[in-house]
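The lines below spell out each chain.
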Amino acid sequence: METAQAQRPTTQDSAASFTVEPQSPTIGAFIHGLDLSQTLDDATIDALRQALVQWKVIFFRDQHISTDEHIAFAQRFGELEVHPLTPADQDQPEILRIAHNKDKRGTENFWHSDVTWRPQPSLGSILRAVKLPDVGGDTLWADMEAAYQGLSDELKERLDGLQAQHSFLKGFGHLIPEEQHEGVLAKHPPQNHPVVRTHPESGHKSLYVNIAFTTHIVDMDPKESKALLKDLMRTASTPEYQVRLRWQPGTIAFWDNRSSQHYAASDYWPHTRVMDRVTVAGEKPF
Ligand SMILES: [Fe+2]
């Protein structure tokens, strides 16, 4: 298995006043020394963006920020996105509240990147812990650049130029009454994206199919497509490509949705877990 070069354990960025503490050789790093309730200078935001691209998900501890501060921080990284199919708070539609309790079990426990069924899936999301169970409810991320790197040269060549189709209905169809499926599909038709996408900032390639939304590889025999997708999708389950975050009050995670997948462990039922997500809009994958 090939992995990217490991970085030094903790680095001080010369342009910014924070330190980076990697949690694995290629994915996940804690950022220390910043107060996200403050307005950070442009150099710090630039350095954070670089850290995000490099580590695919960055974590912050002890950030007891308000909803307005959460939104303001996210706005520094681009235009915000409102989830088109999830009821939003009328006053603050940028906030996607993800709440589970004894009456509503966690449903995000499958590997995926967000909204790949949209023409322009999100750049990334910033998730803030609002209420946590005493234990459990961790989130895991998988490095899909490392997953691509780990493929054989032969398979990489086979994937070159392939497109796959992504549909909202695959992952979330069961949450919507069947008679509404047609209407949702008309508004959000399935989208084709490259099976291997190129990161617009780093130029790195990553595997861009996921269990939640990818239905098939375009122009491929269905049986062959199914077998190939199964092999590609299970790479996200490889521990060597993963990082796992144990949330604490005040923890924030910011992931790059272009190069990673995530999985919310739903092991805490019947306890309550409430998170707020703010999402930065992305671009068409290429
Ligand atoms: Fe998600």
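Data block above holds the structure.
Model, not experiment: these values are computed from the prediction. (Residues numbered from 1 in each chain as written. Predicted model: local features only at pLDDT ≥ 70, side-chain atom pairs only at ≥ 80, totals over all residues. Heavy atoms only, no water.)

## Thoughts on the pattern of salt bridges
And then number 1: Throughout the structure, instances matching the rule amount to 16 salt bridges.
And then number 2: Across the salt bridge formed by arginine 244 and aspartate 138, the nearest N and O atoms sit 2.8 Å from each other. Of this pair, arginine 244 sits in strand E14 (residues 242-245) while aspartate 138 sits in the loop between strand E7 (124-131) and strand E8 (139-143); the two residues are 106 residues apart in sequence, bridging distant segments of the chain.
And then number 3: For aspartate 138, a relative accessible area of 10% puts it in the buried group.
And then number 4: The partner of arginine 258 in a salt bridge is glutamate 201, and the shortest N-O contact between them spans 3.0 Å. Of this pair, arginine 258 sits in the loop between strand E15 (252-256) and strand E16 (260-264) while glutamate 201 is found in the loop between strand E11 (196-198) and strand E12 (205-207), placing the two residues 57 residues apart along the sequence. (Salt bridge = Lys/Arg side-chain N within 4 Å of Asp/Glu carboxyl O. Helix = DSSP H or I, 4+ residues; strand = E, 2+ residues; numbered from the N terminus. Buried < 20%, exposed > 50% of the residue type's maximum accessible area, 1.4 Å probe, protein only.)

## Remarks on the layout of surface pockets
And then number 1: Looking at the largest pocket, its volume works out to about 710 Å³.
And then number 2: Taken together, the elements giving at least two residues each to the lining of the largest pocket come down to strand E6 (95-100), helix H5 (168-172), E16 and strand E17 (273-280).
And then number 3: With five residues, the top contributor of residues to the lining of the largest pocket is E6. (1 Å grid on protein atoms, 1.4 Å probe; cavity = no way out; pocket = protein on both sides within 12 Å on 5 of 7 lines; lining within 4 Å. Points joined across faces, edges and corners; volume = space filled by probe spheres on them.)

## Structural notes on the sheet that holds E8
And then number 1: Spatial strand order, E14-E8-E16: three strands in an open sheet with antiparallel pairing. Each edge of the sheet is formed by a strand with only one pairing partner; in this case those strands are E14 and E16. Within this sheet the neighbouring strands show an average axis-to-axis angle of 20 degrees, counted without direction.
And then number 2: Pairing of E8 with E16 involves five bridges; the strand directions are antiparallel. Among the inter-strand pairings, tryptophan 141 is bridged to a residue of E16, identified as histidine 262. (Pairing = 2+ DSSP bridges. Axes fitted to C-alpha atoms, helices over the stretch in contact; angles between N-to-C directions.)

## Regarding the coordination of the iron ion
And then number 1: Every protein donor of the iron ion is listed here as His112 (NE2), Asp114 (OD) and His262 (NE2), and their distances to the metal cover 2.2 Å.
And then number 2: Donor residues binding the iron ion come from one chain and are separated in sequence as H-x1-D-x147-H. Here aspartate 114, found in the loop between E6 and E7, pairs with histidine 262, found in strand E16; they are 148 residues apart in sequence, far enough to count as distant. Each member of the pair, aspartate 114 as well as histidine 262, is classed as buried. (Donors = N, O, S within 2.8 Å, 3.2 Å for Na, K, Ca; no water.)

## Concerning helix H2 (residues 67-75)
For an α-helix, 3.6 residues make a turn, and residues three or four places apart therefore share a direction.
And then number 1: Along H2, the positions that sit buried rather than exposed are His70, Ile71, Phe73 and Ala74. With its buried residues spanning 160 degrees around the axis, H2 presents them on a single face. (Arc of directions from axis to C-beta.)

## Topic: the nonpolar core
And then number 1: Among the nonpolar cores identified, the biggest contains 28 residues, and Ile31, Leu34, Leu36, Leu48, Ile58, Phe60 and Phe73 are the most heavily contacted of them.
And then number 2: Of all the secondary-structure elements, those providing two or more residues to this core are strand E3 (29-32), helix H1 (42-55), strand E4 (57-60), H2, E15 and E17.
And then number 3: For this core, the leading source of residues is H1, giving six residues.
And then number 4: Discounting residues that sit within four places of it in the chain, leucine 36 has contacts with Phe60, Gln63, Ile65, Phe73 and Ile252.
And then number 5: One finds Ala146, Leu155, Leu162 and Leu229 within the second-largest nonpolar core, a separate group that totals 25 residues. (Core = buried A, V, L, I, M, F, W, Y, C linked by side-chain atoms within 4.5 Å. Contact = heavy atoms within 4.5 Å.)

## As for the sheet that holds strand E13 (residues 214-217)
And then number 1: The sheet built from three strands is open, its strands ordered E10-E9-E13 with antiparallel pairing. Two strands lie at the open edges of the sheet, namely strand E10 (191-194) and E13, each paired on one side alone. On average, each strand axis in the sheet is tilted by 35 degrees relative to the strand beside it, whichever way the strands run.
And then number 2: Relative to E10, strand E9 (residues 163-166) runs antiparallel, the two sharing four bridges. Among the inter-strand pairings, glutamine 163 is bridged to a residue of E10, identified as proline 194.

## A short note on the side chain of threonine 116
And then number 1: Mapping threonine 116 onto the fold places it in the loop between E6 and E7.
And then number 2: At 2.9 Å, the side chain of threonine 116 forms a polar contact with the side chain of histidine 166.
And then number 3: In this structure threonine 116 touches Pro121, His166, Gln191, His193, Tyr208, Asn210 and Phe213, once residues within four positions along its chain are discounted. (Polar contact = N/O pair within 3.5 Å; in protein donor to acceptor, adjacent residues only side chain to side chain.)

## Describing a negative patch on the surface
And then number 1: Negative charge collects at one region of the surface, where Asp153, Glu154, Glu157 and Asp160 lie side by side.
And then number 2: Relative to the elements of secondary structure, glutamate 154 occurs in helix H4 (residues 153-159). (Patch = residues over 30% accessible without salt bridge, like charges linked within 9 Å, V, L, I, M, F, W, Y side chains within 5 Å. Areas by Shrake-Rupley, 256 points an atom, 1.4 Å probe, with all protein chains shown as cover. Lys, Arg positive; Asp, Glu negative; His and termini not counted. Charge placed at Lys NZ, Arg CZ, Asp CG, Glu CD.)

## Side note on the environment of glutamine 191
And then number 1: Residue position: glutamine 191 is located in strand E10.
And then number 2: Separated by 91 residues in sequence, glutamine 191 and glycine 282 place their C-alpha atoms 15 Å apart.
And then number 3: If near-sequence neighbours (up to four positions away) are discounted, glutamine 191 is found in contact with Thr116, Trp117, Arg118, Pro119, Ala164, Gln165 and His166.
And then number 4: Within the structure, the side chain of glutamine 191 is placed 3.1 Å from the backbone oxygen of proline 189, a separation counted as a polar contact.

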